[in-house]
Structures are given as C-alpha cells and as structure tokens.
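# Overview (structure and organization)
Read off the chains here:
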Amino acid sequence: MKRWFRHAFMPPWRLRMSFSKDVLERIEKAIKHSEYQHRGELRFAVEDALALGHVWRGISARQRALEVFSNLRVWDTEYNSGVLIYLSLADREVHIVADRGIAKCVAQAEWDAIATAMQEEFRRGDFLSGTLQGIDRITMLLATYFPGNGSNPNELSNKPVVVKH
C-alpha cells in the first residue's frame, strides 16, 4: 500500500525539478561523448511514477526497466551492446539493463554497484552529478569490453527519455 501511495501522489513537478531541460541536455551530451570511446549504445530513461495498475499488479521497478529496455529497442544494436539506465523516481531506484553482448562480459553485480552509487547521489538531491558519474563508470566498462574502433555509428538516440505512463 505504501508503494501505491508513493506512485499515486508523486507530484508531476518532481521530475521537472530533478531533471530540468538543462540537466537532460547535459546528460545527452555526456552520452554522446561516452559513445565516442566504445562501440556500446547508452540510453537514459526516467519515469516519475508507474501507472497505478502496474503498481497494483506488483510490477517492480526492475521489471519496468526491462519493459522500457524493450520498448526503446535498446537491444536492437549491431553488437548487442545497448545499455539502459532506468530511474524510477517514485520507487527511488536505478536499474541498469545491459544487452546480451555486454552481459556476457560484465556481471550484473558491476551494473548494480553503479546503480547503487547513482542512487546515493540522488538521495542527496544531486541528479546531474549522480547521472554523469554513472555514465562515466559505464563508459569505462564499455571501453574495456567494447573498445571503439574509430567507427561507431549512432544506432540509438542519445536523447534522455522521460517515460510517460
């Protein structure tokens, strides 16, 4: 019931306050810069609250992240090297979902450690810093396992997505 109330009464201004136009533009630039260093493709998605039907059915933030991963077609890259950073404001959770090409090389525990560090910054109210630090750490992993080869076509948009339910 507590979770249902968090989602039902999440004020719409919370997302706009935490992820202003300027913050979203800086995240987009960080993703673009990141992708010059490896063959991976990053997507960032933030959602203020789930539809109440999802909450009532017990859909977790992790399950929602997997759904968003699919809806944004993050899996649809040449090297199966897409990575989604998903933030649920109402659940106060970050989930990083990596496509199968990357998942073979990077353990989920590494993604979870990055997500936890991001959540810590978000708890302090520093959404920009938390996101940029997360992107930097993901960049280092992708550069290690999927180093750039001078040609990395931009297969997925770098623009952050504000998910609407």
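Described below are features of the structure shown in this document. Please read these numbers as outputs of a predicted model, since none were measured by experiment.

### Examining the overall build of the chain
Looking only at helices and strands, one finds eight helices and four strands in the chain. Ordering the α and β elements of the chain from the N terminus gives α-α-α-β-α-α-β-β-α-α-α-β. In terms of overall size, the chain behaves like a compact globule, its C-alpha atoms giving a radius of gyration of 15 Å where 165 residues would be expected to give roughly 15 Å. Expressed as a percentage of the 165 residues in the chain, the buried residues total 47%. The contacts in the chain between residues at least 6 apart in sequence include a share of 74% that link residues at least 24 apart.

### Let's talk about the layout of surface pockets
Approximately 160 Å³ is the volume found for the largest pocket. Along the walls of the largest pocket sit Arg14, Leu87, Ser88, Leu89, Arg92, Glu93, Gln119, Phe122, Arg123 and Phe127, which together make up its complete lining. Per-element tally for the lining of the largest pocket: the top contributor is helix H7 (residues 108-123), with three residues. Partitioned by chemical class, the residues of the lining of the largest pocket number four nonpolar, two polar and four charged.

### Regarding the nonpolar core
Grouped together as the largest cluster of nonpolar side chains are 34 residues, with contacts concentrated most on Phe19, Val83, Trp111 and Ile138. Residue assignment for this core shows that the elements contributing at least two residues are helix H3 (21-35), strand S1 (41-47), strand S2 (82-88), strand S3 (93-98), H7 and helix H8 (127-145). Counting residues per element, this core draws most heavily on H8, which supplies six residues. Those residues within four positions of Phe19 in sequence are excluded, and the remaining contacts are Leu24, Ile27, Phe44, Val46, Leu87, Leu89, Phe127 and Thr131. Among the nonpolar cores identified, the runner-up in size contains 13 residues, and Val74, Tyr86, Val97 and Leu156 belong to it.

### Regarding the packing of H7 against H8
The relative placement of two packed helices comes down to the angle between their axes together with the axis-to-axis distance. For the pair H7 and H8, the least separation of the axes is 7 Å and the interaxial angle reads 165°. In terms of orientation, H7 lies roughly antiparallel with respect to H8. The two elements H7 and H8 cross, and the hand of that crossing is right-handed. Note on element contacts: H8 touches H7 through Phe127, Ser129, Gly130, Thr131, Gln133, Gly134, Arg137, Ile138 and Leu141, opposite Glu110, Trp111, Ala113, Ile114, Ala117, Met118, Glu121 and Phe122. Looking at the contact of H7 with H8, its residues break down into nine nonpolar, five polar and three charged.

### Quick word on the packing of aromatic side chains
Within this structure, the stated rule accounts for six aromatic pairs. Between the aromatic rings of Phe5 and Phe9, the centroid separation amounts to 5.8 Å while the plane-to-plane angle is 10°, which identifies the pairing as stacked. The class for Phe5 is partly exposed, based on a relative accessible area of 42%. Aromatic ring contacts, followed pair by pair, group Phe19, Phe44, Phe122 and Phe127 into a single cluster. Of note, Arg39 hangs over the ring of Tyr79, and the distance from its end group to the ring centre comes to 4.8 Å.

### Observations regarding H7
One full turn of an α-helix is made of 3.6 residues, so residues set three or four places apart face in the same direction. Given a rise of 1.5 Å per residue, 16 residues ought to cover 22 Å, and the 22 Å separating the end C-alpha atoms of H7 matches this to within 8%. Within H7, burial applies to Trp111, Ile114, Ala115, Met118, Gln119, Glu121 and Phe122. Down the axis of H7, the buried set is contained in an arc of 160°. They therefore lie on one face. When the buried face of H7 is taken as reference, the exposed residues oriented beyond 90 degrees from it are Ala109 and Arg123. Of the surrounding elements, those touching the buried residues of H7 are S2, S3, helix H6 (100-103) and H8.

### Quick notes on the pattern of salt bridges
Tallied over the full model, the rule gives eight salt bridges. The partner of Arg100 in a salt bridge is Asp99, with the nearest N and O atoms 3.5 Å apart. Residue Asp99 is classed as buried on the basis of its relative accessible area of 4%. Of the charged contacts, one joins Arg123 and Glu120 as a salt bridge, the two residues approaching to 2.6 Å between their closest N and O atoms. A residue pair is termed a helical-turn pair when its members lie 3 or 4 positions apart in one helix, as Arg123 and Glu120 do in helix H7 at three residues. Its relative accessible area of 56% is what places Arg123 among the exposed residues.

Rules used in this analysis
- Residues numbered from 1 in each chain as written.
- Predicted model: local features only at pLDDT ≥ 70, side-chain atom pairs only at ≥ 80, totals over all residues.
- Heavy atoms only, no water.
- Helix = DSSP H or I, 4+ residues; strand = E, 2+ residues; numbered from the N terminus.
- Rg over C-alpha atoms; globule rule 2.2 N^0.38 Å.
- Buried < 20%, exposed > 50% of the residue type's maximum accessible area, 1.4 Å probe, protein only.
- Contact = heavy atoms within 4.5 Å.
- 1 Å grid on protein atoms, 1.4 Å probe; cavity = no way out; pocket = protein on both sides within 12 Å on 5 of 7 lines; lining within 4 Å.
- Points joined across faces, edges and corners; volume = space filled by probe spheres on them.
- Nonpolar A, V, L, I, M, F, W, Y, C, P; charged D, E, K, R; others polar.
- Core = buried A, V, L, I, M, F, W, Y, C linked by side-chain atoms within 4.5 Å.
- Axes fitted to C-alpha atoms, helices over the stretch in contact; angles between N-to-C directions.
- Parallel < 35°, antiparallel > 145°, perpendicular 65-115°, else oblique.
- Left-handed = near helix turned anticlockwise from the far one by under 90°.
- Phe/Tyr/Trp six-rings, centres within 6.5 Å; stacked < 30°, edge-to-face > 60°.
- Lys NZ or Arg CZ within 6 Å of the ring centre and 35° of its normal.
- Expected span 1.5 Å × (residues − 1).
- Arc of directions from axis to C-beta.
- Salt bridge = Lys/Arg side-chain N within 4 Å of Asp/Glu carboxyl O.

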